[in-house]
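# Residue-level structural notes
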Number of protein chains: 2
Amino acid sequence: MADRDHLWLRLAVDLVILTVRDGQLKLLVIERANDPYQGQLALPGGFLRAGEDLREAAERELLEETGLDGRDLHLEQLATYGAPDRDPRGPVVSVTYLAIAPDLPIPTAGSDASRAWWAPVKEVRHGLAFDHDQIARDAVERARTRLEFTTLATVFCGPTFTVGDLRHVYEVVWDATLDPRNFSRKVAQTPGFVEPTGARRIPPTGRPAALYRRGTAETLHPPILRPSSGTDG
Amino acid sequence: MADRDHLWLRLAVDLVILTVRDGQLKLLVIERANDPYQGQLALPGGFLRAGEDLREAAERELLEETGLDGRDLHLEQLATYGAPDRDPRGPVVSVTYLAIAPDLPIPTAGSDASRAWWAPVKEVRHGLAFDHDQIARDAVERARTRLEFTTLATVFCGPTFTVGDLRHVYEVVWDATLDPRNFSRKVAQTPGFVEPTGARRIPPTGRPAALYRRGTAETLHPPILRPSSGTDG
DNA sequence: ACAAAAGTGTTCAATTTACACCCATGG
DNA sequence: CCATGGGTGTAAATTGAACACTTTTGT
């Protein structure tokens, strides 16, 4: 326990930013501008600076890489990854955050990224730099669970949305199909999930749908469980 | 993003070690031997060393402070705390782990602790050093949720236990009373939760109870929900 | 016989699921 | 009037909570 046993290191804050776009679950990836892993795909992120809280750093990186304001969207801490050899530059421990955004314009590249874009989650299961494949997998699984127990799905939608939009989020994130009729009722019967705006949206074809905004509830009582999650053990 | 913006810091790994003892949920606390907060209560923990993974560091601290082998009990990462002023020594970010142990002999004090003992969770809600009050609260809440959805409760028990022992764990951790008859069925009907050993335990008074060991399942299908968790939003 | 804890059976209510059916709009 | 998506009604199946009752031991 002498002072020389303490390892001094840098702390990376890395972001898994998810959205639903073109009917797919997508993930913000960057092409690394600098070594290590120059030219390879990676998650956006950067180092913690002096005087910063972890969440502050995550919000700063989010703004730098995407132009998004972290106060407007969902941002939650995921897990911390600290394998000794995870970064060839030396000891770097990564605290990861999950961010959820509605369908956005294609983000602008930041200073550490030569390019940044939305990549379908299914197509980036391998090939990310560092241990970012593992981080991305863990983040997607966390998002899937969050839809079951929290109102997170509304964050994928814009300020107003229909129940069909919300169902679409569930179907894309879970990669499952849901009964529109029963889903509609579950949403309506869960207090605080959505609030009617009074307005309606007229689709290209079909009956107009009521528009809602996010409710005040954070957790769902009762939860909306995945079709598979509960049958087999 | 120049190199001078990177903050070099030390990483603490702090442990919330829970057990059920004397019919109470208890937490391992130490009395700090050194500054800062010398003489105050705190969670056991220490600094990450070179070449160590985070979990390795958690297991090492666990062994140093309690003599417990981390491979034998439940050890899971909780969250990471990084408020800039959380440690007066300078920039120290803390990765926290939740450990669950069966009822153990009183642990031995480690090098950084003048004393170590089990303290009832209800009595240490305030007064821990650093931000450890918050960490302990978050950890207990996590443990309560884990009992709902995972087989974690079996880890509070020894190698063999009765359904009554298991129910006792739920009742103490949740601070609730459960119907013994319905609980018994839920446990038996959840595949992989417990396995019969064939042996029985004769209580001081009453019918002998069948002894079980941990099953292979990690998650509970269906979950065993807290009495309060589902009524009001 | 009695107390105490373990465990089973049964009933009623709440929830979930599946699907028939109606609504409202554009072409 | 037809296609399309939005939404309600309803009956069967499943699950959950409450509790009467039986079992098995020590004293």
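Rules behind the numbers
Every chain begins its residue count from 1, and numbering advances along the sequence as written. Working convention: letters from A go to chains and numbers from 1 go to ligands, in the order in which they are written. Side-chain atom pairs in this predicted model are given and counted only at pLDDT of 80 or more, local residue features only at pLDDT of at least 70, and totals for whole chains, interfaces and linings cover all residues. In computing side-chain values, all of the structure's heavy atoms are included and hydrogens and water are not. Only heavy atoms enter the contact rule, under which two residues are in contact if any of them lie within 4.5 Å. Whenever two N or O atoms come within 3.5 Å, that pair is a polar contact, provided that in protein one can donate a hydrogen and the other can accept it, and provided that, for residues adjacent in sequence, both atoms are side-chain atoms. Secondary structure is summarised from DSSP: a helix means a run of H or I of at least four residues, a strand means a run of E of at least two, and numbering begins at the N terminus for each. Working definition: residue near molecule or strand if any one of its non-hydrogen atoms lies within 4 Å of it. An expected span of 1.5 Å times one less than the residue number is assigned to each helix. Buried means the residue's accessible area, taken with a 1.4 Å probe over protein chains only, is under 20% of the maximum for its type, while exposed means over 50%, and partly exposed covers the values in between. Under the scheme applied, nonpolar residues are Ala, Val, Leu, Ile, Met, Phe, Trp, Tyr, Cys and Pro; charged residues are Asp, Glu, Lys and Arg; polar residues are all the others, including Gly. Orientation is described by lines fitted to C-alpha atoms, with helices fitted over the stretch in contact, and by angles between N-to-C directions that extend from 0 to 180 degrees. Each crossing gets its hand from how the near helix is turned against the far one by less than a right angle, where anticlockwise is left-handed and clockwise is right-handed. To qualify as a nonpolar core, a set must consist of buried Ala, Val, Leu, Ile, Met, Phe, Trp, Tyr and Cys residues joined through side-chain atoms within 4.5 Å. The atoms used to superpose the copies are C-alpha atoms, taken from residues with pLDDT of at least 70 in both, and the fit is least squares. To pair, rings of Phe, Tyr and Trp, with the six-membered ring standing in for Trp, must have centres within 6.5 Å; the planes then decide the type, stacked if under 30 degrees apart, edge-to-face if over 60, and tilted in the middle. Lysine and arginine charges are scored as sitting over a ring when NZ or CZ, respectively, is within 6 Å of the ring centre and within 35 degrees of the ring normal. Each domain's extent was defined by an automatic or database domain assignment. Simply put, the buried area is the total loss of 1.4 Å probe accessible area from both parts when two parts are fitted together. In the sections that follow, a salt bridge refers to a side-chain nitrogen of Lys or Arg positioned within 4 Å of a carboxyl oxygen of Asp or Glu.

On the side of chain B, 36 residues touch chain A, which itself brings 36 residues to the contact. Joining chain A to chain B, the criterion identifies ten residue pairs in polar contact (both at pLDDT 80 or more). Of all elements in the fold, only β1 (8–21), β4 (45–47), α1 (54–66), β5 (74–81) and β6 (92–100) of chain A reach the threshold of two or more residues within the side of chain A that touches chain B.

Inspection of the region around DNA strand C gives 20 residues, with A:Asn182, A:Arg200, A:Arg207, B:Arg185 and B:Arg207 positioned closest. Atoms of DNA strand C within 4 Å of the protein: sugar and phosphate make up 49%, bases the balance. Here A:Lys186 contributes a side-chain N or O atom positioned 3.2 Å from a phosphate oxygen of DNA strand C. The separation between a phosphate oxygen of DNA strand C and a polar side-chain atom of A:Arg200 is 2.7 Å. No other element matches the four residues that helix α5 (residues 180–189) of chain A contributes to the surface near DNA strand C.

With 18 residues, helix α2 (residues 132–149) of chain B extends 26 Å between its outermost C-alpha atoms, agreeing within 8% with the 26 Å of an ideal straight helix rising 1.5 Å per residue. Looking only at α2(B), the buried set comprises B:His132, B:Asp133, B:Ile135, B:Ala136, B:Ala139, B:Val140, B:Ala143, B:Leu147 and B:Glu148.

Along the chain, B:Ala79 turns up in strand β5 (residues 74–81). Overall, the relative accessible area of 21% leaves B:Ala79 in the partly exposed class.

In the neighbourhood of DNA strand D, 20 residues make up the surrounding shell, with A:Arg185, A:Gly206, A:Arg207, B:Arg200 and B:Arg207 lying closest. When the atoms of DNA strand D within 4 Å of the protein are sorted by group, sugar and phosphate make up 45%. In this structure, a phosphate oxygen belonging to DNA strand D sits 3.3 Å away from a side-chain N or O atom of A:Arg167. Between a base oxygen of DNA strand D and a side-chain N or O atom of A:Arg185, the distance comes to 2.8 Å. Contributions of two or more residues to the surface near DNA strand D are made by α4 (163–174), α5 and β9 (209–214) of chain A together with α5 (180–189) of chain B. Residue composition of the surface near DNA strand D, by class: five nonpolar, five polar and ten charged.

Glancing now at the packing of α2(B) against helix α4 (residues 163–174) of chain B. Axis angle and axis distance: for two packed helices, these are the angle between their axes and the distance between the axes, and together they describe the pair. Residues and elements named next belong to chain B. Relative to each other, α2 and α4 sit at 145°, their axes nearing to 10 Å. The element α2 and its partner α4 pack so that their crossing is left-handed. Contacts between α2 and α4 involve Arg144, Leu147 and Glu148 from the first element and Val169, Tyr170, Val173 and Trp174 from the second. Its residues assigned to classes, the contact of α2 with α4 comprises five nonpolar, no polar and two charged.

Turning our attention to the nonpolar core. One finds A:Leu11 and B:Leu11 to be the most contacted residues of the largest nonpolar core, which totals 44 residues. Secondary structure elements with two or more residues in this core: β1, α1 and β6 of chain A together with β1 (8–21), α1 (54–66) and β6 (92–100) of chain B. Contact partners of B:Leu11, with chain neighbours within four places excluded, come to A:Leu7, A:Leu9, A:Leu11, A:Val93, B:Gly46, B:Phe47, B:Leu48, B:Leu54, B:Val93 and B:Val95.

Below, the discussion takes up the relation of the copies chain A and chain B. Under the fitted operation, chain A is carried onto chain B by 0.0 Å of movement along the axis and a turn of 180°, and the coordinates agree to an RMSD of 0.1 Å. Seen this way, the second copy is the image of the first under a two-fold rotation axis. Both copies present the same face, since 100% of the interface residues in chain A are matched by interface residues at the equivalent positions in chain B.

With that settled, consider the packing of aromatic side chains. The tally for this structure, following the rule as stated, stands at seven aromatic pairs over all chains. Arranged with centres 5.2 Å apart and planes meeting at 65°, the rings of A:Phe149 and B:Phe149 form a pair that is edge-to-face. In this pair, A:Phe149 sits in helix α2 (residues 132–149) while B:Phe149 sits in helix α2, so the two residues belong to two different chains. B:Phe149 sits in the partly exposed class, given a relative accessible area of 24%. Chaining the aromatic ring pairs together yields one cluster made of A:Tyr170, A:Trp174 and A:Phe183. Positioned over the ring face of A:Trp117 is A:Arg115, at 4.1 Å from the centre of the ring. The lysine or arginine in question, B:Arg10, covers the ring of B:Phe47, its NZ or CZ lying 4.7 Å from the ring centre.

Before going further, it helps to spend a moment on the domain arrangement of chain A. Residues and elements named next belong to chain A. Each assigned domain of chain A is listed with its residue range as follows: domain 1 (3–148) and domain 2 (152–214). The interface is formed by 18 residues belonging to domain 1 together with 13 residues belonging to domain 2. For the domain 1 and domain 2 pair, buried surface summed over both sides reaches about 1400 Å², with 74% attributable to carbon and sulfur atoms. In this assembly, domain 1 and domain 2 are joined by one salt bridge. With a shortest N-O distance of 3.6 Å, Asp175 and Lys122 are connected by a salt bridge. The interface formed by domain 1 and domain 2 contains three residue pairs in polar contact (both at pLDDT 80 or more). Listed by contribution, the elements that provide at least two residues to the side of domain 1 that touches domain 2 are β1, β2 (24–32) and α2. It is α2 that provides the largest number of residues to the side of domain 1 that touches domain 2, a total of five residues. Residue classes in the side of domain 1 that touches domain 2 are distributed as nine nonpolar, four polar and five charged.

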